[in-house]
Structure formats: structure tokens, C-alpha cells
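One-letter residues, chain by chain:
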Amino acid sequence: MADPYRNNVYHQGDGDTYGSYGEGGGPDGYGYQGDYPPQEEDAASDATEGHDEEDQMYEGEYQGIPHPDEVKAAQRATRAKTRAAGDVVSELQELSEQYEDIMEDCGHGKFQWTLFIVLGLALMADGVECFVVAFVLPSAEKDLCLSNAEKGMLGLIVFLGMMVGAFLWGGLADKVGRRRCLIVALAINCIFAFLSSFAQGYGFFLFFRLFSGIGIGGSVPIVYSYFSEFLQMDKRGEHLSWLCMFWMVGGIYASFTAWGIIPRYGWGFSMGSEFQFHTWRVFVLVAALPAIASLVGLMFMPESPRFLLENAKHDEAWMILKQVHDTNWRAKGQPEKVFTVTHIKAPKTAEDEFIEIQSATGTSVQRWAVRSLTLLKLVLKNVASLLSAELRFATLFMAIIWFCMAFSYYGLSVWFPDMIKHLQYEEYQAKVKVFHRERVERFHFNFSLENQIHKEGEYIDDTFIKIEMKSVKFEDSLFEGCHFEDVNSTDTVFENCTIRSTVFYNTDLWEEKFINCRMENTSFLHNKHGCHLDTVEENDVLIYLVSFLGSLAVLPGNIISALYMQKIGRVRIIGGSMLISAGCTFFLFLSFSQSAIIALQCLFCGVSVAAWNGIEVVTVELYPASKRATAFGVLNALCKLAAVLGSSIFASFVGVTRAIPILLSFVALVCGGLVALKLPDTREKILQ
């Protein structure tokens, strides 16, 4: 077979050249042997001993089915013919095709499926992280005495951390390594998630969740870049789409574990009044298990050979490619297959040389400072290169699509459950009982009061012992000679009341619950300090059910998009999914009950997930290996920014109007869908 890479030297930038790896490669510098010539004795695999090649028979030979090796050879011949017909041959394209040929011969098998599980767990951890705060907030706001502003900041800080993490780890992964960065990112997530479960104050909890988000923010850009570089072209779209399903699994896992753990209050413990460990903290620990499992699995996985080749680490890349080849063919029962690559063309960049020269001088601190500064400059230079002439339009189009999709998806994801809560609140308020000018004297209240308003009442010598008050309001009322003992309250206030000769013993009725009240000879004894978890109603099962159904609803969309990603194409799937999702939002005008909102949320999530899958596949395929993780990180950081804006804007209209959120999501999805249809088709594109 003619060597299409003969006499090829690839120049990259100023002085960056592609050399060759291996000896005896001749003047071409490329010894990839596609026709499997006889191996020298010391190069042959031990697995070939005692094997008779004549014993093998291809099963499809008599059915007219081409042998897979013949198909691969035809594809390579077609690529060679295409290059020969062109006036200008891209040297980067030649290198990419060399790597594609190697991955085709390595096959798709046990190695990729093992890596699929390990990286899927990392993606699952990202999905869990998005749900953790939402699930713990009803309990944490009582346990940590959170105000509405503090609750909003807690929900915001996670996405801000993930935004910073996506940008940081995505950029570093192209310079330091996919595997190394992912390990460090997951380790940071696990450590700070663990610490946050024990944080007793709001400040520490906020700080730990911020760094937990920074850690897990690197999972999405690295996972897709990492996995794609072990896939051949015809497997890439489908298997990257299957990988997306782990985000759905993360949502289901978070919903189930939250429902199974948080309401079980007996599982918690306390050490005095200063240290409380309620069940929501147990859930925070359990939520970190996917990240821990992925972290352990990554210890047994190799670095991306494509990254190693880009960084002139020829020996390591060759060994890993041989490992992939041998693992797959042995698992398929064909250990006689020999890895025939002897020479791999790879770059030696001036950037690497600069780091080596600088790090060889000065003290250890100076060397670390030079390395860090140089690395920072390289990362920023890589980010700036995304706006170069070759990538400018691809980056602009993808930024619009990512932003529009995230703005509408996350905005509606927050708006749907908030609207359900608002409808529940309106229904609850409609059932309020109003008592006007009642006079109660020498009465013993031994039953709970809920959803009541008492106006201009008089309570003389009454006792309130071991009761709960929920959503109770006393207005312009008189309490004289009363005794409150062991009272727990939620959303209870006294407004413009006169309280005389009354004792409050071991209650949580604090000063802020008495608004414009006049106190005369009133005592507060042994009041409950701090905040206390309401163990009755704070964790409505509906919050878990809605999240579970929303996560489960994406399963059909995931399966369909994975099966048809290669047949229909990424562009049509993205555009079609976003436009259909835009149409789904208008169903919200037809019905607005709780059940209708849940059904429409499931419909929207199920349709829009296909767009997410396509977006992530196209993002991987549009950028070269040296910029792939950086581009994914920048776009994913933009996605988190859009999520923050969308959730904040949509939440502000809850209880005000539904027209604006619906129209905003519709416009964003239509714009993103139309732009997506302008993207190039990358189905037959070899990863650069």
C-alpha cells in the first residue's frame, strides 16, 4: 500500500515541527503498516505463538458481507484519493488521518467501555452537583438560619464555581493533560463536598460549596474531550451521546438518595448544641460517591494518547495505543492481532522547550513561579486562539447555541418547580381561617394551630403548651396572663399586639416575630437558640418526585439521539430539538395546573436533551486536539453564566406573569435552533 504520508513534515506556528517516532522509518518518518506485513521475531506478540492463520474463517465471506478490514482499507484509500485530488494537502489533516487509522485498527471494545463507565461516573457527579443544593435547601435554611438572600446566594454560588472550574480545568487540560486535570478536579470536589457536610455555619458551607463547584466544573469539558480521543469516527457520535446519559443517571441518583435519606430525621446526631449533623448532611456525603468512584477508576486509566502526541511524548502514546489495541482484541477472542505501528509522527513544540529551559534554572520556588506563569500565558493564548480566523465563526455560532440553550433550559428548570410551589402556596392561602374579635379565657391550647389569622382577639390567662404554630398570624390582639411553653413555630408572627404579664418558656418565639408589639411585664425564659429543623413538613416529597420525573423523561430523547446521531446528523438534531422545544413552551398557555406543569416539564426535558447531546458532540468535533478542552471549557463556562441569568430572571416572574418566561425561552430556543442549522456537518470529519 502506498504511503500517503511520505516526506511529510508538519510546521506549526514559529518553529514548531512534526517529527517522527521510532527507528527504521525511512525518509517518510511514518511507519504505520496498514497491510500487516510480517513482524520481526522480537516485535511479534506472544499471543501469536501456536496460532495457525489458515484456521481463521470470516463468517460473512459466503454472504457477500465485506470484511471489516476491507472496509477500513477502502475508507483509507478514499481518504488518500481525496488528498491526492486536492491542490493543497493539509499536514494537520494528514496527522489526524494517521491517528484515525490507528484507532480503527485498535477497534472499539473492552477498553472504551471501561473508560466509558469511569468517565460516565464523573459526568454523573456533575449532574448530582446541580441538584444537591436544591434538595438540601429546605432543611439547610432551617439548620443554618438562612435568609432569603442567603438562600439565593447558595444556589448561585454553585453555578459560579462550576463556571470558574469549566474555564480553568478546560484550559489546563490542553496543556497539562486530560487525565491529570480530571483527577485533580474530582479530588477537589470530593474534599470540599466532604467538608461542606460538616460545616456548621453559613459562611463555611458557602465557601466549601464554591470550591466543590470549581472542582466538578472541570468534569464536562474534560470528559468529552478525553473520551472522544479514544473513539474512531464512525463510533464517535453514538457513543458520546450514550455518555450523555450519565447526566440523567446523576439526576435520578440524586432524587432517589435525597428522598431516601433527608426525611429520615432519626439518622442524624448531635454533639451538644454547637454541632448538629442532620440527615441532609448525610445526603451531601452520599452525593459525592459518584465522584469518588470515578476518581478511583481514573487511577487505572491512561492519559489520552492524542494529547501525548501533541506534546511530543511519543513513547507513552505508543504504549497506550498498544494497550488499547491488545485489550480490545484479546477481549474479542482474537489475541493474535498484532499492533503494527512502529513510527508515529508527533509535534515537538517550542512552548514545551520554553518550559524546559526555564524550569532548569533558579530555586524550586522560582522554577514553580516560571512554570505557573508560563502555563497561564499558554492557557490564555489558547483561549485567544479560539477567535482566530479559522475558528472565529465556529466559536461565535457555538457560543450563541450554548447560551440560548442553557438560558432557556436552566431558566425553565428553576421556573417549573417554583411555579408548582407558588400554586401550592396560593391553594394553601385560599384555605386560611380568619378569627375576628374572639375572646378566649382560661383555655388550655394542647393542639396545633395552622394557617390561621386572628384579628383583634383577647386571650386571658390561657396556656399554650407543647404545640406547633404554622403560618399563624395574630393582629391587634391582647395577651394577658398567658403562658407559652415548648412551642415550635413556622411562619408565625405577632403584629401590633399587646402582651402583658406573659411568660415564654423554651419557645422559638424570638423578638423578630413580634412586630410593633407592646410588652408589659413579659418574660422570655430558656428560649431556643439558633434555628431548628421542622421535622413535619419541610421536605415535601413533591420536590423529589418532580426532579426524578424530569430526569427520567430525558431517557427516550437520549436513546433516540444516540441511535440517530450518525444517521440524521448533529446539526439537524440540534436545530430540530431546539425548535420543537420552543414549540413545547407554548403548551404552558393552555393549562396551568400542577399536574400540567409537571407533564410539560417532562416533555420539555425529553425533547431538549437531544439538542444537548448534539451540542456536546459538535463542540468536540469542531476544534483541534490542542484547543478542544479549552474551547469546551469556555463554552461550558458561558453555559453556566447563562444558567445563572436564566434562573434569576425566570424566578423573578414567579407569581407575577407566565407570559414573559414563556416568550423568553421561546425566543432563545428559536434563535439557537436557527443558528445551529448553519453549522457544518461533522459526521464524516476526522478529529483534528
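Residues numbered from 1 in each chain as written. Predicted model: local features only at pLDDT ≥ 70, side-chain atom pairs only at ≥ 80, totals over all residues. Heavy atoms only, no water.

Q: It is not clear to me how the overall build of the protein chain should be interpreted in this structure. Could you clarify?
A: A count of helical and extended segments in the protein chain gives 21 helices and 21 strands. Scored against the burial criterion, the 688 residues of the protein chain give a buried share of 52%. A total accessible area of about 30700 Å² is found for the protein chain, and carbon and sulfur atoms account for 60% of it. (Helix = DSSP H or I, 4+ residues; strand = E, 2+ residues; numbered from the N terminus. Buried < 20%, exposed > 50% of the residue type's maximum accessible area, 1.4 Å probe, protein only. Areas by Shrake-Rupley, 256 points an atom, 1.4 Å probe, with all protein chains shown as cover.)

Q: Where do I start with the sheet that holds strand 7 (residues 439–441) in this structure?
A: By way of backbone hydrogen bonds, the strands of a sheet pair with one another, either parallel or antiparallel. The strand order 7-10-13-17-20 describes an open sheet built from 5 strands, whose pairing is parallel. In this open sheet, the two edge strands, each paired with only one partner strand, are strand 7 and strand 20 (518–520). The mean angle between the axes of side-by-side strands here comes to 5°, regardless of whether they run parallel or antiparallel. Here 3 bridges tie strand 7 to strand 10 (residues 458–460), and the two strands are oriented parallel to one another. (Pairing = 2+ DSSP bridges. Axes fitted to C-alpha atoms, helices over the stretch in contact; angles between N-to-C directions.)

Q: Where do I start with the packing of aromatic side chains in this structure?
A: Here the distance between the centres and the angle between the planes together describe a pair of aromatic rings. In the structure shown here, the tally under the stated rule is 47 aromatic pairs. On the basis of an interplanar angle of 90° and a centroid distance of 5.8 Å, the ring pair of Tyr 459 and Phe 474 is categorised as edge-to-face. One end of the pair, Tyr 459, is in strand 10; the other, Phe 474, is in strand 12 (residues 468–475), and 15 residues separate them in sequence. Here the basic side chain of Lys 332 rests over the ring of Trp 329, its NZ or CZ set 4.6 Å away from the ring centre. (Phe/Tyr/Trp six-rings, centres within 6.5 Å; stacked < 30°, edge-to-face > 60°. Lys NZ or Arg CZ within 6 Å of the ring centre and 35° of its normal.)

Q: Where do I start with the sheet that holds strand 18 (residues 503–505) in this structure?
A: Strand order across the open sheet formed by 5 strands is 8-11-14-18-21, with parallel pairing between neighbours. With one partner strand each, in any of the chains shown, strand 8 (444–445) and strand 21 (523–525) form the two edges of the open sheet. As judged from the 3 bridges shared by strand 14 (residues 483–485) and strand 18, these two strands associate in the parallel manner. The partner of His 483 across the bridge, within strand 18, is Val 503.

Q: Explanation requested: the environment of Arg 500 in the structure shown.
A: Along the chain, the position of Arg 500 falls in strand 17 (residues 498–500). For Arg 500, a relative accessible area of 28% corresponds to the partly exposed category. Separated by 18 residues in sequence, Arg 500 and Cys 482 have C-alpha atoms that sit 8.1 Å apart. Within the structure, the side chain of Arg 500 is placed 3.1 Å from the side chain of Glu 520, a separation counted as a polar contact. (Polar contact = N/O pair within 3.5 Å; in protein donor to acceptor, adjacent residues only side chain to side chain.)

Q: What's the story with helix 7 (residues 219–228) in this structure? I'm lost.
A: Every α-helix winds through 3.6 residues per turn, so residues three or four apart in the chain are directed the same way. Burial analysis of helix 7 places 10 of its 10 residues in the buried class, the great majority of the element. Those residues of helix 7 that fall on the buried side of the exposure criterion are Ser 219, Val 220, Pro 221, Ile 222, Val 223, Tyr 224, Ser 225, Tyr 226, Phe 227 and Ser 228.

Q: Help me out: how do you make sense of empty space enclosed by the protein in this one?
A: In this approach the atoms are scanned with a rolling probe the size of a water molecule, which exposes any empty space left behind. Evaluation of the coordinates by the stated rule reveals 4 cavities of 30 Å³ or more. The computed volume of the largest cavity comes to approximately 80 Å³. Along its surface, the largest cavity is lined by Ala 125, Val 128, Glu 129, Val 132, Asn 189, Ala 193, Arg 209, Val 284, Ala 287, Ala 288 and Ala 291. Residue assignment for the lining of the largest cavity shows that the elements contributing at least two residues are helix 3 (110–143), helix 5 (178–198) and helix 9 (279–287). Residue contributions to the lining of the largest cavity peak at 4 residues, all from helix 3. Looking at side-chain class alone, the lining of the largest cavity contains 8 nonpolar, 1 polar and 2 charged residues. (1 Å grid on protein atoms, 1.4 Å probe; cavity = no way out; pocket = protein on both sides within 12 Å on 5 of 7 lines; lining within 4 Å. Points joined across faces, edges and corners; volume = space filled by probe spheres on them. Nonpolar A, V, L, I, M, F, W, Y, C, P; charged D, E, K, R; others polar.)

Just distances and angles here, no functional claims.
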